[in-house]
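# Residue-level structural notes
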Amino acid sequence: PILAGLCGLCALVGAACSAEPAVRLGERLLFGCEDAEAVARIQVRDLTTLAPCATWASEGQGSVRVAYEAWSEGRERWPAIVLSHNAGVLPVADFSAYRRLSVDVFNPGKRITSLKLHLRDAKGKRFSKVLTIEPGVGTCHANIAEMGIDTADIADLHFYCTQPAEGFVVYLDNLRLSAGLKED
């Protein structure tokens, strides 16, 4: 009995210390940044670089480092990374059963950064929201009920900016859907 209890405790501690991102009750992990193949399937537009990174992670072993370069005439007006359901980056297209979309962020700079979250449904209808990212670590949210698109059939999700006057870097991790709480 003691040995069985010890084995159970070891298994529990091992699960708690796992390198994989934790999935909480009522959450669906969309992208945890641990899967190098999924990171490689993210579309990267001009003036944007994307790299897996072990420097910071909200959970697990890594995140993605996204660098946006300063805009100049003749270049991409909307530098972005695009996570597509059809490309296999987003594991599900149906967000409708959830209340909130969240992503953990790290802004290593000294200034507040604005990044835009953009979702497009399969019919081409769009939703965008400005995410204000303070220096340091935080979490950004979007309320799914307020999106005004077909959240049962999401085609892709973008993190972009519009003609950035200066370059900046953000780290993204643990993109997830959650049921949320009434007081959220």
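Residues numbered from 1 in each chain as written. Predicted model: local features only at pLDDT ≥ 70, side-chain atom pairs only at ≥ 80, totals over all residues. Heavy atoms only, no water.

With that out of the way, let us pick up the overall build of the chain. In terms of helices and strands, the chain carries 2 helices and 11 strands. Each helix and strand of the chain, placed in order from N terminus to C terminus, yields the pattern α-β-α-β-β-β-β-β-β-β-β-β-β. Taking all 184 residues of the chain together, 39% fall into the buried category. Long-range pairs, those at least 24 residues apart, make up 75% of the contacts in the chain with a sequence separation of at least 6. Accessible surface computed for the chain: about 9900 Å², of which carbon and sulfur atoms make up 55%. (Helix = DSSP H or I, 4+ residues; strand = E, 2+ residues; numbered from the N terminus. Buried < 20%, exposed > 50% of the residue type's maximum accessible area, 1.4 Å probe, protein only. Contact = heavy atoms within 4.5 Å. Areas by Shrake-Rupley, 256 points an atom, 1.4 Å probe, with all protein chains shown as cover.)

Overall, the coordinates contain 2 cavities of 30 Å³ or more when judged by the stated rule. Of the voids in this model, the largest cavity is the one considered here, and its volume is about 70 Å³. Contributions of two or more residues to the lining of the largest cavity are made by β5 (80-84) and β11 (168-178). At 4 residues, the largest contribution of residues to the lining of the largest cavity is made by β11. Split by residue class, the lining of the largest cavity holds 10 nonpolar, 1 polar and 1 charged. One number sums up the size of the second largest cavity: a volume of about 40 Å³. For the lining of the second largest cavity, the secondary structure elements donating two or more residues are β6 (100-107) and β9 (136-143). A breakdown of the residues in the lining of the second largest cavity according to their chemical character gives 8 nonpolar, 2 polar and no charged. (1 Å grid on protein atoms, 1.4 Å probe; cavity = no way out; pocket = protein on both sides within 12 Å on 5 of 7 lines; lining within 4 Å. Points joined across faces, edges and corners; volume = space filled by probe spheres on them. Nonpolar A, V, L, I, M, F, W, Y, C, P; charged D, E, K, R; others polar.)

So, about the layout of surface pockets. In this structure, the largest pocket occupies an estimated 300 Å³ of space. The wall of the largest pocket is formed by 19 residues, among which Ile112, Thr113, Glu166, Gly167 and Phe168 lie closest to the centre. Contributing elements (two or more residues each) for the lining of the largest pocket: β7 (113-121) and β11. Top contributing element to the lining of the largest pocket by residue count: β7, with 3 residues.

Turning to the nonpolar core, a few remarks are in order. With 39 residues, the main nonpolar core has Phe31, Leu83, Phe95, Leu101, Leu119, Phe159 and Leu175 as its most contacted residues. Residue contributions to this core peak at 5 residues, all from β11. Residues within four places of phenylalanine 31 in sequence aside, it is in contact with Ala38, Val39, Ile42, Val64, Leu83, Val89, Asp173, Asn174 and Leu175. (Core = buried A, V, L, I, M, F, W, Y, C linked by side-chain atoms within 4.5 Å.)

Overall, the coordinates contain 3 aromatic pairs when judged by the stated rule. On the numbers, 5.4 Å between centres and 35° between planes, the contact of phenylalanine 106 with tyrosine 171 is tilted. Placement of phenylalanine 106 in strand β6 and of tyrosine 171 in strand β11 is noted, with a sequence separation of 65 residues between them. Accessibility expressed as a relative area gives 9% for tyrosine 171, which makes it buried. Every member of this aromatic cluster is reached through a ring pair, and the members are Trp56, Phe106 and Tyr171. (Phe/Tyr/Trp six-rings, centres within 6.5 Å; stacked < 30°, edge-to-face > 60°.)

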